[in-house]
Every structure is written in C-alpha cells, then in structure tokens.
Amino acid sequence: MSEGNQEEKISLKKKFVATRYALERVLFDEEKPKVERKSQRPVIGLGIIILAEAVMLALWLAFQKFAFVPSDIVHVEIIKKLYSSISGGDFAVLMSPYSAGIKKFAPPLYYLTYIPFLKISGSLKFAMFCVNTLYFSIIAFSLYSLVKGRKVESGWIAAAFAGALPFVLDLLRKPDPMIAAVAFACAAYTVFILSHSFEKRRFSGFFFGVFTACGLMSHKFFIFYCLPPLVPFLSYIISFERERILGGFLFLIVFAGLWYVKNGFYYFLSYSFIGGKLIPYTGFSVKNFFWFFPAALNSMHIIMFLIGIVCLLWMYLAVFNPYDGRKPVLIWVFLPSIFFSFFFEKNPSYLFPSIIAISAAVGVMTPRIIYKHMLALCAFFLVINQSGFL
C-alpha cells in the first residue's frame, strides 16, 4: 500500500471519529453532573417505578388463575420445610438443610426471606408478592445508582427498562431464587463499578463482600456471575491495602464459605450416589457459542433486545464523555453468558443475572432529548409485557 493511500485512510478515520464526537456531543452535552440543591425528586421517581412494578404484580396475582407449575413446586416444598423447621425451633437447618429432608442443593437465603411474611399472613401468595417486590427494589435501586451520575433521568430509565423486561416480570410471578441472584448481581456490580475496582469509596470492599455472600447464599451458580469483580477483590488479600476489603472478605468466608464447605461435599456424594449431577455440566462445544443470542432474544423480546444491544455497543464505542463503567458492564453481560453457553445445559434463566446489565446501557445511552419518550416507552413495554401481547 502506498504512503499516500495510508495517509488518506488515516484522514478518513479521523474525520469519522470527529463526526461521531460532534454528534454525541449534541446528544449528550448536558449529561455531565451538575451541582443541584438536594430534593426528593430522584427518590420519588424511583419509588414510582418500584410501585408501578408492585401494582402490576398485585394485579396479575389477583386476576390470574394462580397455580404453581411443577418446576415451582420444588421451591414451594423447600419454603414449607424451612418454615416448619424454624417455627419448631430447629435452627440447625440453616447450616444443614438436608436434616429437614431437603434433597435439592439449594442455598437457603431466598427461601428464608419468606418466613417473616408467612408468619404475618400465612399466605404463600402474599409472601411471594412481598419477597419478590423486595428483590425487585434491590434491582431497581442498584441500576439507578449505577448510572444516575450521568443524570437522574438516566437512572430512572435503567430501572424502568429492567422492570419492563419480560423475564423480570416472569421471575416476579414465581418463587424462584433466580430473582435474588439477579438482585445481588446488580448490587455487587454496582459497588464494583462505582468504586473503580475498589480503588475509591472506603467501604466498597465490605459491601461487595456482603452482596456477594448474599448472592452465593441465594443461588448455587452465583459464583459464575460475580467472578470478574471477585478476582480483583481477592487480589487485595495479598496486597498491602487488604484493609479495604478485609471486612467484606471475612463476611464472605464466614457467611457463605462455611455453608458451601459443609453442604457441598454432602450433596456431591448424594447426587453422585443417585446418578445425578450437582452442577448440570454438559461439556465444551463450539456450536453452543451462538446459543446466547436467541436465548437472550426470547427472554427479552426482539424490540427490547435490539434497543439493549444497540445501546450496549454504542456505550462501549462512544467517543464523547464515555461512561467510566462501560468495560465492566460489557464483561458483566457477555462473560457469564458465554461461559454458560459453552459449558452448561441450555437453560435461558442462567443468563438473567448477566443480561439484566443491558438496562444500565440503555440508561446511559438514552439521549437527553428523548428522556420522557424513553420512560413512556418503558411504561408501554411494562403494560404490554404484563398483558402477554408480545
């Protein structure tokens, strides 16, 4: 290639980048944080989003012929056995669930969340409404906190888009610990990204350890979702700055590590004895690589999927005022998803704690001139997906 052609290509590339920069500046120039007086407006907006989700769930439970499907019965039985044991004073079941006859390898935190609400009402439907609304509140608050640094409206859009996703609505309607895994994944990654890999914010390591421990105690696969931030978290243990994460590390080990050590070996032997699998590993296969995309599309529906993917790629490639957490968000979406695509049985629900991060990208990359339109579109998706039209 001649020197003249090479210089021409470089010049065209610079012009292309300059054009993108100018366009993005027009769209996002006012999204830099501004010093404003304290007000209740951000909290009220987030509260309205959570309330709308709770109302939609309450209406669905009230007007639908509610019945648990066979896959939910397993979770219902675990809730009942834990409730019966703890009500009878048998707190040893917390560390030894097999003593209550629980044959499924299921970390107990999500199921334990039902107990206070069952004591109040005695209704499993009411308890499920309260528990799943609580976990959605964690999802909404985490995503809002993750991107509200751009502008308050960006945080609202991230939370509203997540609430309108079909798989989130579906998780809210059943007693599935995956909703807890989604919630604690959002919380853990929010701490990790906002603290710039634990470099900032004094107590970030502690809170990350708490959220990760709660996630591990809610779902057996949570370790695969939090692995990217867990690596730098654990690296601090051998550094001179270990005091930043020591509290969170100790909480992680004591709260989650001991439970897995005690129960993992027992259930591994039990599953092996009956010819089952503790973890549904199916082996490496390159042909599974493209399984992620149709599975994610079916879980989100095509319009929301396309909006999310476009925003995710745009966020990563943006040249004007790029989002600081764009790389961790991209890793959050794709690394666990690709891992499950390659090595585990093809269950779309395994992708939920990672593809929820697309909501953050939508919040970040929504131009200021269409904030209201995007919030209205999220409300439209919520109603349509709730009714089952899409």
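Residues numbered from 1 in each chain as written. Predicted model: local features only at pLDDT ≥ 70, side-chain atom pairs only at ≥ 80, totals over all residues. Heavy atoms only, no water.

**A word on the overall build of the chain**
Then comes step 1: Along the backbone of the chain there are 19 helices and zero strands.
Then comes step 2: A buried classification covers 49% of the 390 residues belonging to the chain.
Then comes step 3: When contacts within the chain are restricted to residue pairs at least 6 apart in sequence, those whose partners lie at least 24 apart make up 78%. (Helix = DSSP H or I, 4+ residues; strand = E, 2+ residues; numbered from the N terminus. Buried < 20%, exposed > 50% of the residue type's maximum accessible area, 1.4 Å probe, protein only. Contact = heavy atoms within 4.5 Å.)

**Some words on the nonpolar core**
Then comes step 1: Core analysis: the largest hydrophobic core is formed by 115 residues, its most contacted members being Y114, I139, L143, F167, L312 and I356.
Then comes step 2: In terms of residues, this core owes the most to one element, helix α9 (residues 178-194), which gives 14 residues.
Then comes step 3: Excluding residues that lie within four positions of it along the chain, F167 makes contacts with S299, M300, F352, I355 and I356. (Core = buried A, V, L, I, M, F, W, Y, C linked by side-chain atoms within 4.5 Å.)

**Concerning the packing of aromatic side chains**
Then comes step 1: All chains considered together, the criterion is met by ten aromatic pairs.
Then comes step 2: Ring centres of F221 and F224 lie 6.0 Å apart, and the angle between their planes is 55°; this geometry places the pair in the tilted category.
Then comes step 3: On the basis of relative accessible area, F221 is assigned to the buried category, the value being 0%.
Then comes step 4: Pairing F221 with Y350 gives two aromatic rings, centres 5.0 Å apart and planes at 90°, and the pair type is edge-to-face. Here F221 is found in the loop between α10 (204-216) and α11 (222-225), whereas its partner Y350 is found in the loop between α16 (326-343) and α17 (352-355), with 129 residues between them in sequence.
Then comes step 5: You can call Y350 buried: its relative accessible area is 8%.
Then comes step 6: Every member of this aromatic cluster is reached through a ring pair, and the members are Y110, Y111, Y114, Y135 and F184. (Phe/Tyr/Trp six-rings, centres within 6.5 Å; stacked < 30°, edge-to-face > 60°.)

**Brief notes about the pattern of salt bridges**
Then comes step 1: One pass over the structure, following the stated rule, counts one salt bridge.
Then comes step 2: Salt-bridge contacts for K174 lead to D170; the nearest nitrogen and oxygen are separated by 3.2 Å. (Salt bridge = Lys/Arg side-chain N within 4 Å of Asp/Glu carboxyl O.)

**A short note on the packing of helix α6 (residues 124-147) against α9**
Then comes step 1: Relative to each other, α6 and α9 sit at 25°, their axes nearing to 8 Å. Regarding the angle of α6 to α9, the classification is roughly parallel. Two packed elements cross with a definite hand, and for α6 against α9 that hand is left-handed. For the pair α6 and α9, the contacting residues are N132, Y135, I138, I139, S142, L143, S145 and L146 in the first and I179, A180, V182, A183, F184, C186, A187, T190, I193 and L194 in the second.
Then comes step 2: A per-class count over the contact of α6 with α9 returns 14 nonpolar, four polar and no charged. (Axes fitted to C-alpha atoms, helices over the stretch in contact; angles between N-to-C directions. Parallel < 35°, antiparallel > 145°, perpendicular 65-115°, else oblique. Left-handed = near helix turned anticlockwise from the far one by under 90°. Nonpolar A, V, L, I, M, F, W, Y, C, P; charged D, E, K, R; others polar.)

**Concerning helix α19 (residues 371-387)**
At 3.6 residues per turn, the α-helix brings residues three or four places apart onto the same side.
Then comes step 1: For α19, with 17 residues, the first-to-last C-alpha span of 25 Å sits near the 24 Å given by 1.5 Å per residue.
Then comes step 2: Every buried residue belonging to α19 is among Y371, M374, C378, F381, L382, I384, N385 and Q386, and all of these are buried.
Then comes step 3: For α19, the secondary structure elements touched by its buried residues are α2 (41-63), α7 (152-164), α8 (166-172), α15 (302-317) and α18 (358-365). (Expected span 1.5 Å × (residues − 1).)

**Describing the side chain of T133**
Then comes step 1: Relative to the assigned elements, T133 resides in helix α6.
Then comes step 2: For T133, the side chain forms a polar contact with the main-chain oxygen of F129, separated by 2.6 Å.
Then comes step 3: Setting aside residues up to four positions removed in sequence, T133 forms contacts with A54 and L57. (Polar contact = N/O pair within 3.5 Å; in protein donor to acceptor, adjacent residues only side chain to side chain.)

**Here we look at the confidence of the model for the chain**
Then comes step 1: Considering every residue of the chain, the mean pLDDT works out to 79; 73% of them sit at 70 or more.
Then comes step 2: The least confident element of the chain, judged by mean pLDDT, is helix α1 (residues 3-28) at 56; the most confident is α6 at 94. (pLDDT = per-residue confidence, 0-100.)

**Focus on the packing of α7 against α19**
Then comes step 1: Two elements in contact, α7 and α19, have axes whose closest approach is 8 Å; the angle formed by their N-to-C orientations is 15°. Compared by their axis directions, α7 and α19 come out roughly parallel. Note that α7 runs across α19; the crossing there is left-handed. Across from E153, S154, W156, I157, A160, F161, G163 and A164 in α7, the residues of α19 making contact are Y371, M374, L375, C378, F381, L382 and N385.
Then comes step 2: For the contact of α7 with α19, the residue count by class is eleven nonpolar, three polar and one charged.

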